[in-house]
Amino acid sequence: MSSTAAQVIRCKAAVAWEPGKPLVIQEVEVAPPQANEVRLKILFTSLCHSDVYFWEAKGQNPLFPRIYGHEAGGIVESVGEGVTELKPGDHVLPVFTGECMDCAYCKSEESNMCDLLRVNTDRGVMLNDEKTRFSINGKPIYHFVGTSTFSEYTVVHVGCVAKIDPLAPLDKVCVLSCGISTGLGATLNVAKPPKGSTVAVFGLGAVGLAAAEGARIAGASRIIGVDINSNRFEEAKKFGVTQFVNPKDYRKPVQEAIAEITDGGVDRSIECTGNVDAMISAFECVHDGWGVAVLVGLPHKDAVFKTHPINLLNERTLKGTLFGNYKPRSDLPSVVEKYTRKELELEKFITHSVPFSEINKAFEYMLKGEGIRCIIRME
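What you are looking at is a predicted structure, and each value in this text was computed from that prediction instead of being measured.

Here is what the cut-offs are and how they apply
Residues numbered from 1 in each chain as written. Predicted model: local features only at pLDDT ≥ 70, side-chain atom pairs only at ≥ 80, totals over all residues. Heavy atoms only, no water. Helix = DSSP H or I, 4+ residues; strand = E, 2+ residues; numbered from the N terminus. Buried < 20%, exposed > 50% of the residue type's maximum accessible area, 1.4 Å probe, protein only. Pairing = 2+ DSSP bridges. Axes fitted to C-alpha atoms, helices over the stretch in contact; angles between N-to-C directions. Contact = heavy atoms within 4.5 Å. UniProt positions renumbered as here; feature names shortened; annotations may be inferred. Expected span 1.5 Å × (residues − 1). Bend = angle between axes of the 7 residues up to and from the residue.

(A) Up close: the environment of Lys-172. Residue position: Lys-172 is located in helix 3 (residues 170–173). You can call Lys-172 partly exposed: its relative accessible area is 22%. Note: C-alpha distance between Lys-172 and Gly-73 (99 residues apart in sequence) is 8.8 Å.

(B) Highlighting the sheet that holds strand 13 (residues 268–271). If you walk across this open sheet you meet the 6 strands as 12-11-10-13-14-15, and the pairing is parallel. Looking along the sheet, the strands with just one partner apiece sit at the ends: strand 12 (243–245) and strand 15 (317–320). Neighbouring strand axes in the sheet, compared pairwise and without regard to direction, differ in orientation by 20° on average. As defined by bridge partners, strand 10 (residues 198–202) adjoins strand 11 (residues 222–226) across 5 bridges and the pair is classed as parallel. Each residue of the ladder has a partner; that of Ala-200, found in strand 11, is Ile-224. Contacting strand 10, strand 11 and strand 13, helix 5 (residues 206–218) runs over the sheet at an angle of about 170° to strand 10.

(C) Expanded view of the UniProt feature "domain: Alcohol dehydrogenase-like C-terminal" (unreviewed entry) in the protein. Annotation from UniProt places "domain: Alcohol dehydrogenase-like C-terminal" (unreviewed entry) at residues 206–338. The span residues 206–338 is 37% helical and 15% strand by assignment, and the distance between its end C-alpha atoms comes to 18 Å.

(D) Main features of helix 4 (residues 179–191). With 13 residues, helix 4 should cover 18 Å at 1.5 Å per step; its first-to-last C-alpha distance of 17 Å lies within 8% of that length. Of all the bends in helix 4, the largest measures some 35° and sits at Gly-185. The buried fraction of helix 4 is high, at 11 of 13 residues. When we look at burial in helix 4, the residues that qualify are Gly-179, Ile-180, Ser-181, Thr-182, Gly-183, Leu-184, Gly-185, Ala-186, Thr-187, Val-190 and Ala-191. Two residues or fewer past helix 4, Lys-192 is found with a positive phi of approximately 50°.

Laid out in structure tokens, this is it:
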């Protein structure tokens, strides 16, 4: 056991006190893990668009003060009662969704959801006792999606922790705990483009570029990147994108433009923006008879998806996915192995790096649309 096991740890965390305001780095107290919980020492974390979305409190129940962060890599510091799968020193990736191994979803080969540990953006407390493990002078600080990695130490349910190869560099593979796996899996596990097929990817942020990378790995012969930011097009070529479409360049709906240049539509499309209009376009641009569209982006809570039923009757398929259909504990270690075997390149996703003391710079980069992923070094 570590020397700090069963003790409260005082460490630095980046606390969000109100929506849209810079995070404040200050000392927090992190309580020991309880039953089925693990306390992690976070070494590297990165900023995902979901962190920014909820920090801005756009369209969902705001909960503050809160510690955000959910894409990270670290080491187990101590474990709570009943935890047998992990031990201090293990290298791990915390994940915003979990795998209890026991429910109908976890036992299903078709789903990666979990009855117990399904992602819940409104919950700011631990499942065990509905209390926080973070506090400042006795005042509770809320958790975010069960991970809260913008802290030097955090407490996570054991079902949301994937044990990985200790030789895998955490400063690279940390990006696999959310966005990159989400996009990659959306293509490889859900869209499943046949070799030689045509794929459209809507949104060329980190998730969309990972989806394009998945299409490249699958052997797609034509990968169309769709984005309203033309500055992203050159970078996207590194991820296999062969053609670019900016919806602003057309006077007609972009799905009609894509159908025209692809002789009736693409074989597969992956939507990675969360914009409901882009979702509709992604679905309506796939070829009738065999086209498959996969929705990945997180929509506004009041968004409504509308399309004519004939689009489905004409044998187009619409699917949705969470975390690329990867089961966190069972599947994520093998995705890490793809990187260590050089089958997957992660370096090209990482465009910036900042020390923890400058975490607000990572927010600035994302808000300006600069770069893909920014690694935040905790030490």
